[in-house]
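The lines below spell out each chain.
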Amino acid sequence: MSKTSIIFILPDLETGGAERVITTIANHLPRELFEPKILLMRRAGGYLKHLKEDVEIIDIKTQKMRFALKPILLEIRRRKPDIVFSGYGEINAYISLFIPLFPKTKFIARETNVVSEHVKRPEIRFFYRFYNNFHRIIAQSDDMKTDLIENLRIDEHKIVKINNPVDFDFIRSQTENAKKCESFKPDFKNVVAIGNLSARKGFDNLLKVFSHLKNEKILLHIVGNGRDYALLQHLRRHHGLENIIFHGQHENPYRFLLFADLFVLSSRYEGFPNVLLEAGACGTYALANNCPGGISEIIEHQINGEILDINQAEIFAGRIRELVNAEFDRDSIRHSIATRFSKEFIMFKYENLITSLIK
């Protein structure tokens, strides 16, 4: 029996959630059945070194999305894969119009966010009119699935909900010899937040929360880069917050999670936040903002975390104050994530989806 050829499409393999998921899927599809390749707009990113050697990288050497569509379509025409798996919202949207040109290839889109919250540019929203051309659309959460049906009029029968996988083996390999970051002061409690410094991640609200904690011996470590860095630095100075540390991007954020007294998710909306799963995989309790994007599917109340409204800044701050001084069963936190989101459990769903399309 011939192998099923799959081309995954992403802008790059930088250390983000979509990149982590695609790397995990490509690495762990059984090779006796599947032949995975990854097409990148640019060959860059921290996950390149974690990709298995037998996963071919197709580099179209394009910096801008508007210039990437033609070379992507030409590669699909030349290589004639059985499956095209597009894992990035903007690319998904552009490709959708051209799917009828490839009648022998099945197309899968994996959405990364609640679309109606995330996609505001009208020229991109236009292409979602053609989204039903995809053979299957993966929603990571119930919130995302509902949004696609109600706000974008996507055929419900084409949507498959598959949560994100957690690769416990990979996380163990990244943390087995990890040492506590020097900025984790032993006489302080250390709270960690991780994500792109953009409005979506809500770090501005988190700084407002910490304005109620600036006299406490609690440090907030923010890991990530992004366009809002200058704005957040301004807010930090405005509120006189000496207990906020910006660490920039890290290829291995797991040591921050492993040694944290608490992980905080401040996002305004999500898709299905990998970092919340990874915090649990590190045994770290989480306090998450009550926002769309599968948060309630991940958090088991007072087992691996809690959900509060971050806009009630003083209440949120008070709960941080309590939680950093609490004791948690880290094994129970890990078990909560492992039993529902381990890569073995989620990969079975991906294999079934792909196999059902090529029968």
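Now for a look at the structure at hand. Residue positions are given per chain, counting from 1 as you read along its sequence in written order. Side-chain atom pairs in this predicted model are given and counted only at pLDDT of 80 or more, local residue features only at pLDDT of at least 70, and totals for whole chains, interfaces and linings cover all residues. Neither water nor hydrogens contribute to the side-chain values; these are computed over all heavy atoms in the structure.

Overview of the layout of surface pockets
Counted only if it meets this: Using a 1 Å grid laid over the protein atoms alone, points where a 1.4 Å probe fits but cannot get out form a cavity; open sets with protein on both sides within 12 Å along at least 5 of 7 lines form a pocket; any residue with an atom within 4 Å of a point counts as lining. Grid points are joined across faces, edges and corners, and a volume is the space filled by probe spheres set on the points. Under this grouping Gly is polar, as are all residues other than the nonpolar Ala, Val, Leu, Ile, Met, Phe, Trp, Tyr, Cys and Pro and the charged Asp, Glu, Lys and Arg.
In this structure, the second largest pocket occupies an estimated 180 Å³ of space. Taken together, 13 residues make up the lining of the second largest pocket; nearest its centre are A260, D261, A326, F328 and R330. For the lining of the second largest pocket, a count of residues per class yields 6 nonpolar, 3 polar and 4 charged.

Let's talk about the packing of aromatic side chains
To keep it simple, the criterion reads: Geometry of aromatic contacts follows a simple scheme: Phe, Tyr and Trp rings, the Trp one being its six-membered ring, pair when their centres are within 6.5 Å, and the pair is stacked under 30 degrees between planes, edge-to-face over 60, tilted otherwise. Remark: exposure states derive from per-residue accessible area (1.4 Å probe, protein chains only) relative to the maximum for the residue type, with buried under 20%, exposed over 50%, and partly exposed in between. Segments assigned H or I by DSSP are reported as helices when at least four residues long, segments assigned E as strands when at least two residues long, and all are numbered from the N terminus. Remark: a charge is flagged as sitting over a ring if the NZ atom of Lys or the CZ atom of Arg is within 6 Å of the ring centre and within 35 degrees of the ring normal.
Throughout the structure, instances matching the rule amount to 13 aromatic pairs. A ring pair is formed by F102 and F107, whose centres lie 6.0 Å apart and whose planes are at 45°; its orientation type is tilted. Take F102 and F107: they sit in the same class, and that class is buried. With centroids separated by 5.7 Å and ring planes inclined at 80°, the aromatic side chains of Y229 and F246 adopt a geometry described as edge-to-face. Remark: F246 occurs in strand 10 (residues 244-248) and Y229 occurs in helix 9 (residues 229-238); sequence separation between them is 17 residues. The class for Y229 is partly exposed, based on a relative accessible area of 40%. Taking relative accessible area as the criterion, F246 reaches 17% and is therefore assigned buried. Among the aromatic residues, those joined into a cluster by ring pairs are Y94, F126, F127 and F130. One residue, R20, lies across the ring of Y47, its end atom 4.7 Å from the ring centre. For R255, the ring lying beneath its charged end belongs to F256, and the centroid distance is 5.6 Å.

With respect to the packing of helix 8 (residues 203-210) against helix 9
Test applied: Axes here mean lines fitted to C-alpha atoms, for a helix over just the part in contact, with angles spanning 0 to 180 degrees between N-to-C directions. Under this scheme an angle from 65 to 115 degrees is roughly perpendicular, one under 35 degrees roughly parallel, and one over 145 degrees roughly antiparallel; angles in between are oblique. By convention, the crossing between two helices is left-handed when the near helix turns anticlockwise from the far helix through less than a right angle, and right-handed when the turn is clockwise. Residues are treated as being in contact if the distance between any of their heavy atoms lies within 4.5 Å.
Taken N-terminus to C-terminus, the directions of helix 8 and helix 9 make an angle of 10°; their axes are 10 Å apart at the nearest point. Relative to helix 9, the element helix 8 lies roughly parallel. Handedness of the helix 8/helix 9 crossing: right-handed. Contact residues: helix 8 offers F203, D204 and L207, while helix 9 offers L232, L235 and R236. When its residues are assigned to classes, the contact of helix 8 with helix 9 shows 4 nonpolar, no polar and 2 charged.

Quick look at empty space enclosed by the protein
Left-over empty space is what a probe sized like a water molecule reveals as it rolls over the atoms. For the structure shown, the criterion picks out 2 cavities of 30 Å³ or more. Roughly 60 Å³ of internal volume is contained in the largest cavity. If you go around the largest cavity, the residues you meet are R20, T24, P165, V166, D167, F170, I171, Y254, N274 and E278. Secondary structure elements with two or more residues in the lining of the largest cavity: helix 1 (17-28), helix 7 (168-175) and helix 11 (274-281). Of the residues belonging to the lining of the largest cavity, the class tally is 5 nonpolar, 2 polar and 3 charged. As a volume, the second largest cavity reaches approximately 30 Å³. Taken together, A193, I194, K201, F203, F263, V264, L265, S266 and S267 make up the full set of residues lining the second largest cavity.

Digging into the pattern of salt bridges
Using the following cut-off: Take a side-chain nitrogen of Lys or Arg and a carboxyl oxygen of Asp or Glu: if they are within 4 Å of each other, that pair is a salt bridge.
Applying the stated criterion to the full structure yields 23 salt bridges. Linking R42 and D12 is a salt bridge whose minimum nitrogen-to-oxygen distance equals 3.2 Å. In this pair, R42 sits in the loop between strand 2 (34-40) and strand 3 (56-59) while D12 sits in the loop between strand 1 (4-10) and helix 1, placing the two residues 30 residues apart along the sequence. For the salt bridge of E322 with R319, the shortest nitrogen-to-oxygen distance reads 2.5 Å. A residue pair is termed a helical-turn pair when its members lie 3 or 4 positions apart in one helix, as E322 and R319 do in helix 13 (residues 313-323) at 3 residues. Salt bridges sharing common partners tie together E35, K37, E56, E75, R78 and R79.

Things to note about the sheet that holds strand 11 (residues 262-265)
For clarity, the threshold we go by: Paired strands, in this sense, are two strands between which DSSP finds at least two bridges.
Pairing within the open sheet is parallel, and its 6 strands lie in the order 10-9-8-11-12-13. Edge positions in the open sheet fall to strand 10 and strand 13 (305-308), since each of these has one partner strand only. Taken pair by pair, the neighbouring strands of this sheet meet at an average axis angle of 25°, ignoring direction. Taken together, the 3 bridges between strand 11 and strand 12 (residues 286-289) define a ladder with parallel strand orientation.

That's the geometry; what it means functionally is another story.
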